[in-house]
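# Observations on the three-dimensional arrangement
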Amino acid sequence: QMQWESAGMDPAYADAGLRWKQLRGSPHGSECTMLVAAPPHLHPPAWRGPQEVHECVEEMFLLSGDYQSSLGMMYAGAYFWRPPGIAHGPY
């Protein structure tokens, strides 16, 4: 029943249509759990953009759809765990 929102999100992502539901913690704290919804075909112009590096572990479980990463395509049911300090993106 929570509303999808973009509050606190990098404006570049929010402007592209990315939304989240914060389930636990704070996006500005050291840990948080969230659902993220991305519109179809979301990618930076010409598939070029800055990479991100997080100071914390990042993990993802793909609930539906598919997701192109730098290591290949991921499909519903895919999971990854990434340690802190690993550059990734754009997707």
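Residues numbered from 1 in each chain as written. Predicted model: local features only at pLDDT ≥ 70, side-chain atom pairs only at ≥ 80, totals over all residues. Heavy atoms only, no water.

With that settled, the discussion passes to the overall build of the protein. A tally of helices and strands in the protein yields 1 helix and 6 strands. If you list the helices and strands of the protein from N to C, you get α-β-β-β-β-β-β. Looking at the protein residue by residue over its 91 residues, the buried ones come to 18%. A separation threshold of at least 6 residues defines the contact pool for the protein, and within that pool the share at least 24 residues apart is 33%. Total accessible area on the protein is roughly 6,900 Å²; 56% of this is exposed by carbon and sulfur atoms. (Helix = DSSP H or I, 4+ residues; strand = E, 2+ residues; numbered from the N terminus. Buried < 20%, exposed > 50% of the residue type's maximum accessible area, 1.4 Å probe, protein only. Contact = heavy atoms within 4.5 Å. Areas by Shrake-Rupley, 256 points an atom, 1.4 Å probe, with all protein chains shown as cover.)

Before going further, it helps to examine the environment of glycine 8. Tracing the backbone through its elements, the reader meets glycine 8 in the segment before α1 (11-15). Residue glycine 8 is classed as partly exposed on the basis of its relative accessible area, which comes to 45%. Taking C-alpha positions, glycine 8 is 9.9 Å from tryptophan 20, a pair spaced 12 residues apart along the chain.

Glancing now at the confidence of the model for the protein. Per-residue confidence for the protein averages 83 on the pLDDT scale, and 88% of its residues sit at or above 70. When pLDDT is averaged over each helix and strand of the protein, the minimum, 79, is found for α1 and the maximum, 90, for strand β6 (residues 79-82). (pLDDT = per-residue confidence, 0-100.)

Examined against the element boundaries, histidine 88 turns out to sit in the segment after β6. Separated by 18 residues in sequence, histidine 88 and serine 70 place their C-alpha atoms 7.5 Å apart. For histidine 88, the contacting residues outside a window of four places in its chain are Gln51, Glu52, Val53, His54, Glu58 and Arg82. At a separation of 3.3 Å, a polar atom in the side chain of histidine 88 contacts the side chain of arginine 82. Side-chain polar atoms of histidine 88 contact the backbone oxygen of isoleucine 86, separated by 3.0 Å. (Polar contact = N/O pair within 3.5 Å; in protein donor to acceptor, adjacent residues only side chain to side chain.)

Moving on, we get to the pattern of salt bridges. On inspection of all chains with the given rule, the structure shows 1 salt bridge. Between arginine 82 and glutamate 58 there is a salt bridge, with its nearest N and O atoms 2.5 Å apart. You can see arginine 82 sitting in strand β6 and its partner glutamate 58 sitting in strand β3 (residues 58-61), a full 24 residues away along the chain. Classification of arginine 82 as buried rests on a relative accessible area of 13%. Exposure remark for glutamate 58: the relative accessible area of 23% places this residue in the partly exposed category. (Salt bridge = Lys/Arg side-chain N within 4 Å of Asp/Glu carboxyl O.)

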